[in-house]
Amino acid sequence: MKPGHFVAGIFIALISAFIIPDLGSSGGILMPHVSGPGATFLIFLIQGLQLKGGALREVWTSWRLHAACQIANFVLAPWIFVALERIFGWWIIDDSL
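Residues numbered from 1 in each chain as written. Predicted model: local features only at pLDDT ≥ 70, side-chain atom pairs only at ≥ 80, totals over all residues. Heavy atoms only, no water.

*Asks:* I'd like a description of the overall build of the chain, backed by residues and values.
*Replies:* Counting secondary structure elements, the chain contains four helices and zero strands. Reading the secondary structure of the chain in the N-to-C direction produces α-α-α-α. Of the roughly 8900 Å² of accessible surface on the chain, 74% is carried by carbon and sulfur atoms. (Helix = DSSP H or I, 4+ residues; strand = E, 2+ residues; numbered from the N terminus. Areas by Shrake-Rupley, 256 points an atom, 1.4 Å probe, with all protein chains shown as cover.)

See below:
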């Protein structure tokens, strides 16, 4: 699939959603509780199948970078937000959260 076709498909889906919103609503004919996860699976599958053979091997060599990104997202960022909340208190986080 060419990248231009995928982008065109996204725009067609958006326009269709504005014209006929009932198709994708809860209980609609497209059954979003089934088609949503299925479409997500297909998108990741198609993107994975388009990878070149050596791409995974090439990515594996930069495992330190990937580990640093994961640590920054799941360890460092929460610590920063907890520290900001402790310093600024109610200005950052609303009680309803």
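Having seen it, we continue.
*Asks:* Explain helix α4 (residues 63–88) to me, and be specific about the residues and the numbers.
*Replies:* Taking 1.5 Å per residue as the helical rise, α4 with its 26 residues ought to reach 38 Å, and the 36 Å between its terminal C-alpha atoms agrees with that figure. The sharpest bend along α4 reaches about 40° and sits at alanine 72. Trailing α4 by a residue or two, glycine 89 shows a phi angle of about 60°, which is positive. (Expected span 1.5 Å × (residues − 1). Bend = angle between axes of the 7 residues up to and from the residue.)

*Asks:* I'd like to hear about the confidence of the model for the chain, residue by residue, with values.
*Replies:* Interpretation of the predicted coordinates at a detailed level should be avoided for regions scoring low in pLDDT. When pLDDT is averaged along the chain, the result is 85, and 90% of the positions lie at 70 or above. When mean pLDDT is taken per element in the chain, α4 scores highest with 91 and helix α3 (residues 55–60) scores lowest with 80. (pLDDT = per-residue confidence, 0-100.)

*Asks:* Please set out unusual backbone geometry residue by residue, giving values where relevant.
*Replies:* Here methionine 31, not a glycine, exhibits a phi torsion of approximately 50°, which is positive. As for its placement among the helices and strands, methionine 31 is situated in the loop between α1 (3–19) and α2 (32–49). In this structure methionine 31 comes out as partly exposed when scored by relative accessible area, which is 43%. (Buried < 20%, exposed > 50% of the residue type's maximum accessible area, 1.4 Å probe, protein only.)

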